[in-house]
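Fold and contact review
These are the residues of each chain, in order.
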Amino acid sequence: MAYQTLIVEIEDYIALIRLNRPDALNALNAQLLGELVDALKSADENDKVRCIVITGSEKAFAAGADIKEMSEKSFVDMFTTDYFGPEAEAITRTRKPIIAAVSGYALGGGCELALMCDFIICSESAKFGQPEINLGVIAGIGGTQRLTRFVGKAKAMDMHLTGRFMDATEAERSGLVSRVVPNAKLIPEAMAAAKKISEKSMLAAAAAKEAVNRSYETTLREGILFERRLFHGLFATEDQKEGMAAFLEKREPQFRDK
Ligand code: CO8
């Protein structure tokens, strides 16, 4: 499928997906989200992809859901189409690891999209925010739930109620992002992280992703049991035999996803 709002490059087992609506600071409209869902599904199904990086431009990862598209909609329009619900669900169903590489504004739905990824690497210019309150609404694709789980109630309430932005330093200090790098290093750093992931066993990577994500869905006891069963299950794979043999033989493992 040819995309109008995304640029997708696949190289070296990494799919780099760039949001590409520069005139609207990559605001998320129905077309962009539809194309993103399609690109992620294709990446999941493509043997030549082992890790995914989603990024925007230097000025904006995404400045929110598209206000022009939403402004005239009624409750009935939003409710009957379940506005952005199916797309958001589909994004979080992606099985391959996804890194968000954030530069500039990640606001509203843009911040929420970054939160849906497995982890966020940002540049020094990144600004995260949930400014929907300034528009008379609130976050709609997970911001009140994920941000609260990731940075705690105090910061989440502050952001959702005041609409203020969080800079890169505060985002790292709060646990929202895993790394902050200079602007020019953002894509190289994200691609290097993706390359590292792409060299692991995809079976173990998928299990790690499922287990960490499960920690947000269940009790500690159930989550630990889920983790232990996945851990036990990986002993049925050739990659476990290879990984442990390689360690003992002091060589690099050759994982085959089997
Ligand atoms: N939607 C549509 N267009 C946008 C958006 C947006 N969210 N953000 C920026 N743009 C457009 C501007 O309208 C402008 O277009 P034009 O040149 O045609 O007027 C262009 O992008 C450049 O923007 P600015 O001139 O405003 O650039 P500045 O550098 O002056 O400011 C800001 C940058 C601070 C990012 C500013 O553009 C801004 O405040 N944008 C809006 C941020 C915002 O409020 N985001 C939240 C939107 S609501 C939301 O995300 C809800 C999520 C849940 C939806 C799911 C429903 C279930």
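If you look the protein chain up in an unreviewed UniProt entry, it shows as Enoyl-CoA hydratase from Thioclava arctica. Per its UniProt entry, the protein chain bears the Sequence similarities (unreviewed entry) comment "Belongs to the enoyl-CoA hydratase/isomerase family."

1. Section: the sheet that holds strand β8 (residues 127–129)
One open sheet holds the four strands; their spatial order is β4-β6-β8-β9, and the pairing between them is mixed. Where the open sheet ends on each side, the last strands, each with one partner, are β4 (60–62) and β9 (165–167). Averaged over all adjacent pairs, the angle separating strand axes in this sheet is 20°, with direction ignored. Where β8 lies against β9, three bridges are found, and the strand directions are antiparallel. Opposite Gly129, over in β9, you have Phe165 as the bridge partner. Packing of helix α5 (residues 109–116) onto the sheet brings it into contact with β4, β6 (105–107) and β8, and relative to β6 it is tilted by some 90°.

2. Points about the side chain of Asp66
Among the structural elements, Asp66 can be located in the loop between β4 and α2 (67–70). Judged by relative accessible area, which is 8%, Asp66 ranks as buried. There is a polar contact of 2.8 Å between the side chain of Asp66 and the side chain of Arg21.

3. A closer look at the site of the ligand
Not every one of the 24 residues close to the ligand is listed here, only the nearest: Lys59, Ala65, Ile67, Tyr83 and Gly109. Protein coverage of the free-state accessible area of the ligand, which is 1100 Å², stands at 66%. Looking at the shell around the ligand, the elements with two or more residues in it are α2, β6 and α5. The element contributing the most residues to the shell around the ligand is α2, with three residues. Partitioned by chemical class, the residues of the shell around the ligand number 14 nonpolar, four polar and six charged.

4. Describing the layout of surface pockets
By volume, the largest pocket amounts to about 1100 Å³. For the largest pocket, the lining is made up of 36 residues, of which Asp118, Lys209, Val212, Asn213 and Tyr216 are closest to its centre. Take the lining of the largest pocket: its biggest share by element is nine residues, from helix α10 (residues 202–214). Considering only residue class, the lining of the largest pocket consists of 20 nonpolar, seven polar and nine charged. Around the second largest pocket sit 23 residues that line it, and Ala65, Met70, Glu132, Val137 and Ile138 are the ones nearest its centre. Every element with two or more residues in the lining of the second largest pocket is listed here: α2 and α5. Counted by class, the lining of the second largest pocket contains 14 nonpolar, six polar and three charged residues.

5. A short note on the pairing of strand β1 (residues 6–11)
Sheet topology note: the β1/strand β2 (residues 14–19) ladder contains six bridges and is antiparallel. Bridge pairing in β2 links Glu9 to Leu16. Linking β1 to β2, which pair antiparallel, is a turn of two residues; within it Asp12 sits at a positive phi near 55°.

6. Quick look at unusual backbone geometry
Among all residues except glycine, the phi angle is most often negative; among peptide bonds, the trans geometry is most common. Even without glycine at this site, Asp12 takes up a positive phi of about 55°. In this structure, Asp12 sits in the loop between β1 and β2. Positive phi, close to 60°, is recorded for Asn26, a residue that is not glycine. Relative accessible area serves as the criterion here: at 2%, Asn26 is assigned to the buried category.

What counts and what doesn't
- Residues numbered from 1 in each chain as written.
- Predicted model: local features only at pLDDT ≥ 70, side-chain atom pairs only at ≥ 80, totals over all residues.
- Heavy atoms only, no water.
- UniProt positions renumbered as here; feature names shortened; annotations may be inferred.
- Pairing = 2+ DSSP bridges.
- Helix = DSSP H or I, 4+ residues; strand = E, 2+ residues; numbered from the N terminus.
- Axes fitted to C-alpha atoms, helices over the stretch in contact; angles between N-to-C directions.
- Contact = heavy atoms within 4.5 Å.
- Buried < 20%, exposed > 50% of the residue type's maximum accessible area, 1.4 Å probe, protein only.
- Polar contact = N/O pair within 3.5 Å; in protein donor to acceptor, adjacent residues only side chain to side chain.
- Near = heavy atom within 4 Å.
- Areas by Shrake-Rupley, 256 points an atom, 1.4 Å probe, with all protein chains shown as cover.
- Nonpolar A, V, L, I, M, F, W, Y, C, P; charged D, E, K, R; others polar.
- 1 Å grid on protein atoms, 1.4 Å probe; cavity = no way out; pocket = protein on both sides within 12 Å on 5 of 7 lines; lining within 4 Å.
- Points joined across faces, edges and corners; volume = space filled by probe spheres on them.

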